[in-house]
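Next come the chains, spelled out residue by residue.
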Amino acid sequence: MMKILVAVASKHGSTNEIAEAIGTELSSCGLDVSVLPVHDVETIEGYDAAVVGSAIHMGQWMKPAKQLVARETAALTSMPLWLFSSGPVADRSTPDDPADRRQGDQLATTLRARDHRVFRGKLDRRELSIAERAIVRIAGAPSEDQRDWDEIRNWAAGIGAALLDSRPSPRETSPTSP
């Protein structure tokens, strides 16, 4: 059975909930999935594929996620890899800010990831520090949950299908008879 790592950096927990949904969907495909906070990932060794995600703050991935991909670049570039970012919460009538994609797209290129997806996030002002509330007020970000669970599950199902399609068939892995 293929072992899949879903590693996530989440500040207030909503990005972790996205990672859990991705892990659940991948598990339903018959994959052996571990969903871990990035700071709990000691090594990528032993996994067949990875999904790495981070909350976005001010257009940047969280430092622990950036540290994980920097430390594990060699391993990540040698396996199937998908990246996701979470965090934009804005007026839905305005276009997404390209800054929310930029760092994840750059990492995807560097790591040769198969995809980088940006998911809208959740903002609950009650969970924010005073400084964070001030930034959110200036930005005019609405306090709401904008995560699209169907989009998240469908993306994860696509990853599961890609991984299952890439497995060698039993015939390819069995020894040749003399």
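Quantities reported herein were computed from a predicted structural model and do not represent experimental measurements.

Participant: In this structure, what is going on with the pattern of salt bridges? I would like to understand it.
Facilitator: Proximity of charged atoms lets side chains of opposite charge pair with each other. Inspection of every chain in the model, using the stated rule, returns four salt bridges. In this structure, Arg71 and Glu72 form a salt bridge, with 3.5 Å as the shortest nitrogen-oxygen distance. Classification of Glu72 as buried rests on a relative accessible area of 10%. Asp150 is the salt-bridge partner of Arg153, the closest N and O atoms lying 3.1 Å from each other. Within this pair, Arg153 and its partner Asp150 are both found in helix α6 (residues 149-166), separated by three residues, close to a single helical turn. By relative accessible area, Arg153 is classed as partly exposed at 33%.

Participant: Got a minute to help me understand the pairing of strand β1 (residues 3-9) in this structure?
Facilitator: Looking along a regular strand, one sees side chains alternate from face to face of the sheet. Along β1, six of the seven residues are buried, which leaves the element largely enclosed by surrounding structure. Here β1 pairs with strand β2 (residues 32-37) via six bridges, running parallel. Across the sheet, residue Leu5 finds its bridge partner in β2, namely Ser34. Each parallel crossover has a hand, and for β1 linked through helix α1 (residues 14-28) to β2 it is right-handed. Taken together, the six bridges between β1 and strand β3 (residues 49-57) define a ladder with parallel strand orientation. Bridging from a neighbouring strand, Leu5 pairs with Ala50 of β3.

Participant: How should α1 be read in this particular structure?
Facilitator: Each α-helix winds once per 3.6 residues, and so residues spaced three or four apart point in a common direction. Taking 1.5 Å per residue, 15 residues should reach 21 Å; α1 reaches 21 Å between its end C-alpha atoms and fits that length. Those residues of α1 lying buried are Ser14, Thr15, Ile18, Ala19, Ala21, Ile22, Gly23, Glu25 and Leu26. Buried residues in α1 make contact with β1, β2, β3, β5 (81-86), β6 (115-119) and α6. A positive backbone phi angle near 95° is found at Gly30, which sits one or two residues after α1.

Participant: Would you mind going over the environment of Gln106 with me for this structure?
Facilitator: By the secondary structure assignment, Gln106 is in helix α4 (residues 99-111). Along the chain, Gln106 and His116 lie ten residues apart, while their C-alpha atoms are 9.4 Å from each other.

Participant: Would you explain the confidence of the model for the protein chain in this entry?
Facilitator: Atomic detail in the predicted coordinates should be set aside for any region of low pLDDT. Residues at a pLDDT of 70 or more form 72% of the protein chain, whose mean pLDDT is 83. Mean pLDDT per element in the protein chain: helix α7 (residues 170-173) is the minimum at 47, and β2 is the maximum at 98.

Participant: What should I look at first to understand the packing of aromatic side chains in this one?
Facilitator: Two aromatic rings, taken as a pair, are described by how far apart their centres are and by the angle between their planes. Counting across every chain of the model gives three aromatic pairs. Measuring from ring centre to ring centre gives 6.1 Å for Phe84 and Phe119, while their planes differ by 55°; the resulting arrangement is tilted. In this pair, Phe84 sits in strand β5 while Phe119 sits in strand β6, placing the two residues 35 residues apart along the sequence. What makes Phe119 buried here is its relative accessible area of 1%. Considering the side-chain rings of Phe119 and Trp155, the 5.5 Å spacing of their centres and the 75° angle between planes classify their relative orientation as edge-to-face. One end of the pair, Phe119, is in strand β6; the other, Trp155, is in helix α6, with 36 residues separating them in the sequence.

Participant: What am I meant to see in the nonpolar core here?
Facilitator: If you look at soluble globular proteins, the nonpolar side chains tend to sit buried side by side. Within the largest apolar cluster, 23 residues are counted, with the highest numbers of intra-cluster contacts made by Val52, Leu76, Leu81 and Leu83. Broken down by secondary-structure element, the contributors of at least two residues to this core are β1, β3, α2 (63-71), β5 and α4. Residue contacts for Leu81: discarding those within four places in its chain leaves Ala50, Val52, Leu76, Leu111, Ala113, Arg114 and Asp115. Counting 21 residues, the second-largest nonpolar core is a separate cluster that includes Ile4, Leu26, Trp82 and Ile159.

Participant: How should the packing of α1 against α6 be read in this particular structure?
Facilitator: Between α1 and α6, whose axes approach to 8 Å, the crossing angle comes to 45°. It follows from the interaxial angle that α1 and α6 lie oblique. Judged by the sense of rotation from one axis to the other, the crossing of α1 with α6 is right-handed. Contacts between α1 and α6 involve Glu17, Ile18, Ala21, Ile22, Glu25 and Leu26 from the former and Trp149, Ile152, Arg153, Trp155, Ala156, Ala157, Ile159 and Gly160 from the latter.

Parameters at a glance
Each chain carries its own residue numbering, running from 1 in the written order of its sequence. Local features are withheld for residues below a pLDDT of 70 in this predicted model, meaning they are given only at 70 or higher, and side-chain atom pairs are given and counted only at 80 or more; totals for whole chains, interfaces and linings count all residues. Side-chain measures were taken over the full set of non-hydrogen atoms in the model, leaving aside hydrogen atoms and water. Any carboxyl oxygen of Asp or Glu that lies within 4 Å of a side-chain nitrogen of Lys or Arg is treated as forming a salt bridge with it. Working definition: with a 1.4 Å probe on protein chains only, accessible area under 20% of the residue-type maximum means buried, over 50% means exposed, and in between means partly exposed. The helix count covers DSSP runs of H or I at least four residues long, the strand count covers runs of E at least two residues long, and both are numbered beginning at the N terminus. Strand pairing is assigned whenever DSSP detects at least two bridges linking the two strands. Whether a crossover is right-handed comes down to one check: with the strands pointing away from the viewer, does the path from the first strand over the helix to the second run clockwise; if it does, it is right-handed. Each residue after the first adds 1.5 Å to the expected span of a helix. Between two residues, a contact is recorded if the distance between any of their heavy atoms is within 4.5 Å. A score between 0 and 100, pLDDT records how confident the predictor is in each residue. Within 6.5 Å between ring centres, the rings of Phe, Tyr and Trp (the latter by its six-membered ring) count as paired, and their orientation is classed by plane angle as stacked under 30 degrees, edge-to-face over 60, tilted in between. Residues belong to one nonpolar core when they are buried, are Ala, Val, Leu, Ile, Met, Phe, Trp, Tyr or Cys, and are joined through side-chain atoms within 4.5 Å. Between N-to-C directions, angles span 0 to 180 degrees; the directions come from axes that are lines fitted to C-alpha atoms, helices contributing only their stretch in contact. We call two directions roughly parallel when the angle between them is under 35 degrees, roughly antiparallel when it is over 145, roughly perpendicular when it lies between 65 and 115, and oblique otherwise. Handedness of a crossing follows from how the near helix is turned relative to the far one, being left-handed for an anticlockwise turn of less than a right angle and right-handed for a clockwise one.

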